[in-house]
Amino acid sequence: MTGIVLYGFDGSTYVRTVRMLLAEKGAHYEQVPVNVLKGEPRQPEHVARHPFGKVPVLDHDGFRIIETGAIASYLDEVLPGPSFTPESPRDRARMRMAMGIVDSYGYGALIAVAGYHLFPDFIGGPDEEARKHAIAGSRRVLQELMKLRGGSAFIAGERPSLSDFYLAPICFLVSLTPDADELFAEDGFAGWWEQIQAMPSYQTTAPNLAEI
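A brief structural summary. Since the structure is predicted, the reported quantities are computational estimates derived from the model, not experimental observations.

1. As for the pairing of strand β3 (residues 57-60)
Here is step 1 of the chain: The alternating pattern of β3 places Val57 and Asp59 and Leu58 and His60 on opposite faces, both of which are buried.
Here is step 2 of the chain: Judged from the four bridges that link them, strand β1 (residues 4-7) and β3 form a sheet pairing that is antiparallel. Looking at β3, one finds that isoleucine 4 is bridged to histidine 60.
Here is step 3 of the chain: Of the pairings in the sheet, the one linking β3 to strand β4 (residues 63-66) comprises four bridges and is antiparallel in character. Bridging from a neighbouring strand, leucine 58 pairs with isoleucine 65 of β4.

Following this line, the structure appears as C-alpha cells:
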C-alpha cells in the first residue's frame, strides 16, 4: 500500500513502536520529523494534526490517525504481512492489558528514569526523589508485564505482538542509563529482552543518539 506518512522523530518511543511495526510489515512510508525535545509538537502546524500536541500521527491516503494504539492496530489490519495481534482471545487480552499498563503506568515511570540521565531539562531538571519513585514504579510495571508473559516467548504468546513493540523502545532508553541493571533484574525480563534485541525491526529502527 502507498501513501503512508508518519509524523514524529526517531527519539520518540511511541514513534519507534510504529516504525518497528512498519519494518516488520515491510511497508514503505514517508517520515516527517517532529522533535519532541525541541517542543515542535506544540507548534500550530502540528497541533493542527494532533489537538493535544503529541506524536506519532499517521496519515494514510487522506485518513488521519492519532494515538499509538489506534495507529498500530490499524496498520496491523490493513498492511499485508504477518499479523501482530494474537489469534487466541486470551493472548489478545494479554496484549491489550500490557499495552494498557505501558500507557497508563509504564511510560511515565520508565521515561522518568531515562529522562533523569538522558534529557533532564525536558522532565523539569534532575530530582533524586522523583528518580527513586520512578525506579520503584518501573520495577513494578516490568514485574507485572513479565507475570503476564508467564512462560511465553513474548509478552502475549510465542510470537511478537503489538505489546512487545510498545515496551521495547522505552526499555532501549532505560538501557542507556546506570539504572538499567536494577530495573532489568526482574524475573523473566532478560530472556524477553534478549529476543527483542535480536529482532531486525528493533535493530533497524535504533534512533540517532544525538537526537536524544
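2. Side note on the environment of proline 178
Here is step 1 of the chain: On the secondary structure map, proline 178 appears in the loop between α6 (162-175) and α7 (180-183).
Here is step 2 of the chain: C-alpha of proline 178 to C-alpha of histidine 117: the two residues are 61 residues apart in sequence and 8.2 Å apart in space.

3. Examining the sheet that holds β3
Here is step 1 of the chain: Ordered by their spatial adjacency, four strands build an open sheet running β2-β1-β3-β4, and the pairing between neighbours is mixed. With partners counted over all chains shown, the strands left at the sheet margins are β2 (30-32) and β4, one partner each. Each adjacent strand pair in this sheet contributes to an overall mean axis angle of 20°, direction not counted.
Here is step 2 of the chain: Helix α1 (residues 13-25) contacts β1 and β2 of the sheet and is inclined by roughly 155° relative to β1.
Here is step 3 of the chain: Sheet strands in contact with helix α3 (residues 68-78) are β1, β3 and β4, and its direction is about 130° off that of β4.

Parameters and conventions
- Along each chain, the written sequence defines residue order, and numbers are assigned to residues from 1.
- For this predicted model, a pLDDT threshold of at least 70 governs which residues receive local features, and a threshold of 80 or more governs which side-chain atom pairs are given and counted, while totals over whole chains, interfaces and linings are taken from all residues.
- To get the side-chain values, all heavy atoms of the structure are used, and hydrogens and water are removed first.
- Accessible area is worked out with a 1.4 Å probe on protein chains only. A residue is then buried under 20% of its type maximum, exposed over 50%, and partly exposed in between.
- In this text, helices come from DSSP runs of H or I with a minimum length of four residues, and strands from runs of E with a minimum of two, each type numbered from the N-terminal end.
- Between any two strands, pairing holds if DSSP finds at least two bridges.
- Think of each axis as a best-fit line through the C-alpha atoms, taken over the contacting stretch in the case of a helix, with angles from 0 to 180 degrees between the N-to-C directions.
- Contacts: residue pairs with any heavy atoms within 4.5 Å of one another.

Limitation: the analysis is restricted to geometry and does not speak to function.
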